[in-house]
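Read off the chains here:
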Amino acid sequence: FNSGVHKAYTLFWVLGTAGAMQIPVIGMQPVRSLEQMGPMLVCIGYQVLAFCDSVRRRSPKMDTSAFIMFRIRAMAFLIFGLVVIAFVLYPTGYFGPLSSRIRGLFVKHTKTGNPLVDSVAEHQPANPSMYGAYLHLPLNFVLHGGLVSLWNRNNGFYFLMLYGFIAEHFSGKM
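First, a word on scope: everything that follows refers to the structure included in this document.

Here is what the cut-offs are and how they apply
- Residues numbered from 1 in each chain as written.
- Predicted model: local features only at pLDDT ≥ 70, side-chain atom pairs only at ≥ 80, totals over all residues.
- Heavy atoms only, no water.
- Salt bridge = Lys/Arg side-chain N within 4 Å of Asp/Glu carboxyl O.
- Helix = DSSP H or I, 4+ residues; strand = E, 2+ residues; numbered from the N terminus.
- Buried < 20%, exposed > 50% of the residue type's maximum accessible area, 1.4 Å probe, protein only.
- Polar contact = N/O pair within 3.5 Å; in protein donor to acceptor, adjacent residues only side chain to side chain.
- Expected span 1.5 Å × (residues − 1).
- Contact = heavy atoms within 4.5 Å.

Glancing now at the pattern of salt bridges. Opposite charge on two side chains makes pairing possible when the charged atoms of those side chains draw close. Scanning the model with the defined rule gives 1 salt bridge in all. Asp 53 serves as the salt-bridge partner of Arg 71, at 2.9 Å between the closest nitrogen and oxygen. One end of the pair, Arg 71, is in helix α4 (residues 64–89); the other, Asp 53, is in helix α3 (residues 37–58), and 18 residues separate them in sequence. Given a relative accessible area of 22%, Arg 71 falls into the partly exposed group. Its relative accessible area of 17% is what places Asp 53 among the buried residues.

With that settled, the discussion passes to the side chain of Ser 54. Of note, Ser 54 is situated in helix α3. Reaching out from Ser 54, the side chain makes a polar contact with the backbone oxygen of Phe 51 at a distance of 2.8 Å.

Let's shift gears to α4. Across its 26 residues, α4 extends 37 Å between first and last C-alpha, which sits within 8% of the 38 Å expected from 1.5 Å per residue. Within the span of α4, buried status applies to Phe 67, Phe 70, Ala 74 and Leu 78. Elements in contact with the buried residues of α4: α3.

As structure tokens, then:
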């Protein structure tokens with residue numbers, strides 16, 4: 001757990017979600033759509049981890065093993081609470097289904113009747129030669145930059161590695 005990442009992500013999620021919810025077309029979708037609940041759950045998880053750290057700072061007698069058990073109990077309580085909330089809200093139809101765009105990333109394309117979704121979902125995976133054509137020099141420096149970054153691993157390094165993996169995965173899908 002890193003308090004800097006906690007503050008940055010919390011600020012990012014709260015301001016981004018509040019700003020997006022001001023647009024009438026979006027409305028409450030960030031807290032109702034299944035595909036957008038992942039970021040909200042990450043934010044809630046960060047709040048629990050921050051709470052655990054603040055409790056540890058206030059009680060200096062808590063050793064490492066007690067802190068680990070406290071953190072496990074706090075996360076178990078969070079998971080239990082989220083499951084209870086899901087069981088209460090699911091029958092009411094609160095949660096929306098995954099959109100056609102998201103389903104199109106993970107399952108073979110079937111016609112939805114929506115021309116925009118169909119045109120996006122029919123895209124073919126990227127041709128490997130296109131990476132060289134469009135990313136010529138930066139593509140050559142990725143390996144060198146990654147090797148240099150291995151010596152100074154920090155949050156930025158992990159973000160770039162995760163971002164690169166996700167971008168490579170989805171560019172192979174569409």
